[in-house]
Amino acid sequence: QVGLYPTTMITKALAFLWLLYLLHFTDLTSGSSTTKLGHQIQSDLGTGMKDSAEQQTIEVLFSDVDGTLVHYPGALKDYVGKDGIISLPPSSTGMQGIISAGTLQKFEKLRSFGTKIVIVSGMRTSTLLKRIPYLPKADAYCSEAGGRIFYPCDVSEGTLQFETHQCDGVDTTTFSLIEDLEWRAKMELISGKKSYVGNDLTRNQEFVPVSERDGPLWAYCSELQKKSFVVDTNGYSSCFRVNLNQQTAVSKEDFTSLLNSKPPTGLATSVNLGNIDFYPETSGKKNCCEYLAAKLCGKTASVAMKNTVCMCDDDNDLEMALACGHAFVPGISSESMEEVVKANPSQITVTGGPNEGREGTDATEWALDLIVAKIEGLS
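All residue numbers here refer to positions counted from 1 along the written sequence of the relevant chain. Owing to the predicted nature of the model, reporting of local features is limited to residues with pLDDT of at least 70; listing and counting of side-chain atom pairs is limited to 80 or more, with chain, interface and lining totals taken over all residues. The side-chain figures draw on all heavy atoms in the structure; neither hydrogens nor water molecules are used.

Undergrad: Account for the overall build of the chain, naming residues and giving values.
TA: Each helix corresponds to a stretch of at least 4 residues labelled H or I by DSSP, and each strand to a stretch of at least 2 residues labelled E; elements are numbered beginning at the N terminus. Check the secondary structure of the chain and you find twelve helices and 13 strands. Looking at the chain residue by residue over its 379 residues, the buried ones come to 52%. Two residues form a contact once any of their heavy atoms are found within 4.5 Å. Sequence-distant contacts, at least 24 apart, represent 55% of the contacts inside the chain between residues at least 6 apart. If you sum the accessible surface of the chain, you get close to 17500 Å²; carbon and sulfur atoms cover 52% of it. Accessible area is worked out with a 1.4 Å probe on protein chains only. A residue is then buried under 20% of its type maximum, exposed over 50%, and partly exposed in between. Computed with the Shrake-Rupley method and a 1.4 Å probe, the accessible areas treat only the protein chains shown as cover for residues.

Take a look at the structure:
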């Protein structure tokens, strides 16, 4: 009779029974760490995630990077070299973060379930390409607030090659990337074509100066420069950033006025780490996620998004957090996010902060534990 039950079904059944044990039963050693873990998972799932009647499975996990997967502790030296902690190279602005080996391993477990992984960040493309070896292996990598999308592919001659950081239980197979040119064509209607020169996967050309770039996005960028705003365009093709800390000729009031103003037709804006990002209105994390959910799941975006979750922390994640089936927040980075969390307790689960008793990489790993438990419960 054993032949009637495939191994995968037996494995799923055993996993589900183990989950039920964790969630609903107490063993003879009441108060043991295993029992406490089960009760904590039950508690955190109960306060947020939609029940299985609404969410049949989790097909895609979208994840922000800075403040979500990668953290920037005040005393970085206390973490460098610590067991299970991986230090990333400094960004173009000098920021250096950390990610845990546990984070990479838990993402690998999610991939083993068949869950698609999408990294979606506001970071410039040049920074993303440097960080990929330190990030979870994904089915898609998105930079510039979702304006550019790259997929892993087999290594071919003349292309950049990537290998995930050496870590037990993590796939370190070397791969290359290919850009989604269909998505890029939509962005080029506003960002133009010249801004991609020198910022592609070949890196064999010089960047085109803003003054020579085409498209409404760069026309507005030039307009801001004429008003004495310092504009960050380095490593961007479909987005540019205005950083308050970089301003030398405009006041804080001028910056706030820009923040509160409506961008020109065809453009959108969001706040990321205290900076203002400008990009095509067809871009943004929410639009990027909807496009990829439909593409990866083979369904309409409205249907596919119901079976997705995301991990995030900042203002530029808000629309994404509300559009996905559920959102996990390892740490709240802004007042706006805090307000949205309070207003949507059934939509968003906070896993880190003073009230949660954990932060940084611990909060990230707990969010991933909850997602794993949810998937095992739905299997």
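Next, the rest of the story.
Undergrad: Can you tell me about the packing of helix H3 (residues 101-112) against helix H12 (residues 360-378), naming the residues and giving the values?
TA: To get an axis, fit a line to the C-alpha atoms, keeping to the stretch in contact for a helix; angles then go from 0 to 180 degrees between the N-to-C directions. At a minimum axis separation of 10 Å, H3 and H12 run at an interaxial angle of 15°. The pairing of H3 with H12 is recorded here as roughly parallel in orientation. For the pair H3 and H12, the crossing hand works out as left-handed. The segment H3 lies against H12, with Gly102, Thr103, Lys106, Phe107, Lys109 and Leu110 engaging Thr364, Glu365, Leu368, Asp369, Ile371, Val372, Ile375 and Glu376. Each residue gets one label: Ala, Val, Leu, Ile, Met, Phe, Trp, Tyr, Cys and Pro are nonpolar, Asp, Glu, Lys and Arg are charged, and the others, such as Gly, are polar. Partitioning the contact of H3 with H12 into residue classes produces six nonpolar, three polar and five charged. In these notes the angle categories are as follows: under 35 degrees is roughly parallel, over 145 is roughly antiparallel, 65 to 115 is roughly perpendicular, and the rest is oblique. A clockwise turn of the near helix away from the far one marks a right-handed crossing, whereas an anticlockwise turn of less than a right angle marks a left-handed crossing.

Undergrad: An account of the pattern of salt bridges is needed here, citing residue identities and associated values.
TA: Any two side chains of opposite charge can pair if their charged atoms end up close together. When a carboxyl oxygen of Asp or Glu is within 4 Å of a side-chain nitrogen of Lys or Arg, the pair counts as a salt bridge. Following the criterion strictly, the structure yields 19 salt bridges and no others. Between Lys137 and Asp171 there is a salt bridge whose closest N-O contact spans 3.2 Å. Placement of the pair is Lys137 in the loop between helix H4 (125-131) and strand S5 (140-143) and Asp171 in the loop between strand S6 (148-153) and strand S7 (176-179), with a sequence separation of 34 residues. On the basis of relative accessible area, Lys137 is assigned to the buried category, the value being 10%. The class for Asp171 is partly exposed, based on a relative accessible area of 25%. When salt bridges with common partners are traced through the structure, they connect Glu144, Arg148, Glu179, Arg184, Glu188 and Lys193 into a single cluster.

Undergrad: Run through the pairing of strand S9 (residues 267-272), naming residues and quoting values.
TA: Judged by how many residues are buried, S9 sits mostly within the fold: five of six residues are covered. Pairing between two strands is assigned when DSSP locates at least 2 bridges connecting them. One ladder, built from six bridges, connects S9 with strand S10 (residues 275-280); its direction is antiparallel. Note on S10: the bridge partner recorded for Val271 is Ile276. Adjacent in sequence and paired antiparallel, S9 and S10 are bridged by two residues, among which Leu273 carries a positive phi angle near 55°.

Undergrad: Please provide a residue-by-residue account of the nonpolar core, values included.
TA: Membership of the largest hydrophobic core comes to 38 residues, with the highest contact counts inside it found for Leu61, Leu110, Ile132, Tyr141, Leu177, Met311 and Ile371. Looking at this core, the elements that each hand over two or more residues are H3, strand S4 (116-120), H4, strand S11 (308-311) and H12. If one sorts the elements of this core by residue count, H12 sits on top with seven residues. Not counting residues within four places of it along the chain, the set of residues in contact with Ile371 comprises Ile58, Leu61, Leu110, Val309, Met311 and Phe328. In these notes, a set of buried Ala, Val, Leu, Ile, Met, Phe, Trp, Tyr and Cys residues joined through side-chain atoms within 4.5 Å is what counts as a nonpolar core.

Undergrad: Residues and numbers for the confidence of the model for the chain, please.
TA: Known as pLDDT, the predictor's confidence for each residue is given on a scale from 0 to 100. Predicted confidence across the chain gives a mean pLDDT of 85, with 82% of residues reaching 70 or more. Counted against residues more than four places away or in other chains, residues 1-36, with its pLDDT under 50, gives 25 contacts.

Undergrad: How would you explain the sheet that holds strand S1 (residues 60-63) if you had to name every residue and give the values?
TA: Across the sheet, which stays open at both edges, the eight strands sit in the order S7-S6-S5-S4-S1-S11-S12-S13 with mixed pairing between neighbours. Two strands in the sheet have a free side with no partner beyond their single neighbour: S7 and strand S13 (348-350). Looking at each pair of strands side by side, their axes are set apart by 25° on average, direction ignored. Judged from the four bridges that link them, S1 and S4 form a sheet pairing that is parallel. When the bridges of S4 are listed, Phe62 appears paired with Val118. The strands that H12 touches are S1, S11, strand S12 (326-329) and S13; relative to S11, the one it contacts most, it runs at about 170°.

Undergrad: Run through the sheet that holds S10, naming residues and quoting values.
TA: Read from one edge of the open sheet, three strands run S8-S10-S9, paired in antiparallel fashion. Sheet topology places strand S8 (240-242) and S9 at the edges, where each strand pairs with a single neighbour. Looking at each pair of strands side by side, their axes are set apart by 30° on average, direction ignored. In the sheet, S8 pairs with S10 via three bridges, with the strands oriented antiparallel. Residue pairing across strands places Arg241 opposite Asp277, the latter belonging to S10.

Undergrad: Describe the environment of Asp369, listing the residues and the values that go with them.
TA: Tracing the sequence through the fold places Asp369 in helix H12. Among the residues examined, Asp369 registers a relative accessible area of 24% and is labelled partly exposed. Along the chain, Asp369 and Thr103 lie 266 residues apart, while their C-alpha atoms are 9.7 Å from each other. Polar contacts involving the side chain of Asp369 include one to the side chain of Lys106, which spans 2.9 Å. In protein, a polar contact means a hydrogen-donor-capable atom and an acceptor-capable atom, both N or O and within 3.5 Å, with residues adjacent in sequence counting only if both atoms are side-chain atoms; elsewhere, any N or O pair within 3.5 Å suffices.

Undergrad: For the pairing of S6, give the residues involved together with the corresponding values.
TA: Both S5 and S6 contribute to a ladder of three bridges, which runs antiparallel. Looking at S6, one finds that Ser143 is bridged to Arg148. Judged from the four bridges that link them, S6 and S7 form a sheet pairing that is antiparallel. For Cys153, the partnering residue across the bridge sits in S7 and is Ser176.

Undergrad: Describe in detail the packing of aromatic side chains, supporting the description with residues and values.
TA: Classification of ring pairs rests on two measures: the distance between centres of Phe, Tyr or Trp rings, Trp counted by its six-membered ring, which must be within 6.5 Å, and the angle between planes, read as stacked under 30 degrees, edge-to-face over 60 and tilted in between. Scanning the model with the defined rule gives seven aromatic pairs in all. Consider the rings of Tyr220 and Phe278, whose centres lie 5.5 Å apart with planes at 65°: the pair is edge-to-face. In this pair, Tyr220 is assigned in helix H6 (residues 216-226) and Phe278 in strand S10, connecting sequence segments 58 residues apart. Per residue, the accessibility class of Tyr220 equals that of Phe278, and both read buried. When the NZ atom of lysine or the CZ atom of arginine is within 6 Å of a ring's centre and also within 35 degrees of its normal, the charge is said to sit over that ring. Positioned above the aromatic ring of Trp218 is the side chain of Arg213, whose terminal nitrogen or guanidinium carbon lies 4.4 Å from the ring centre.

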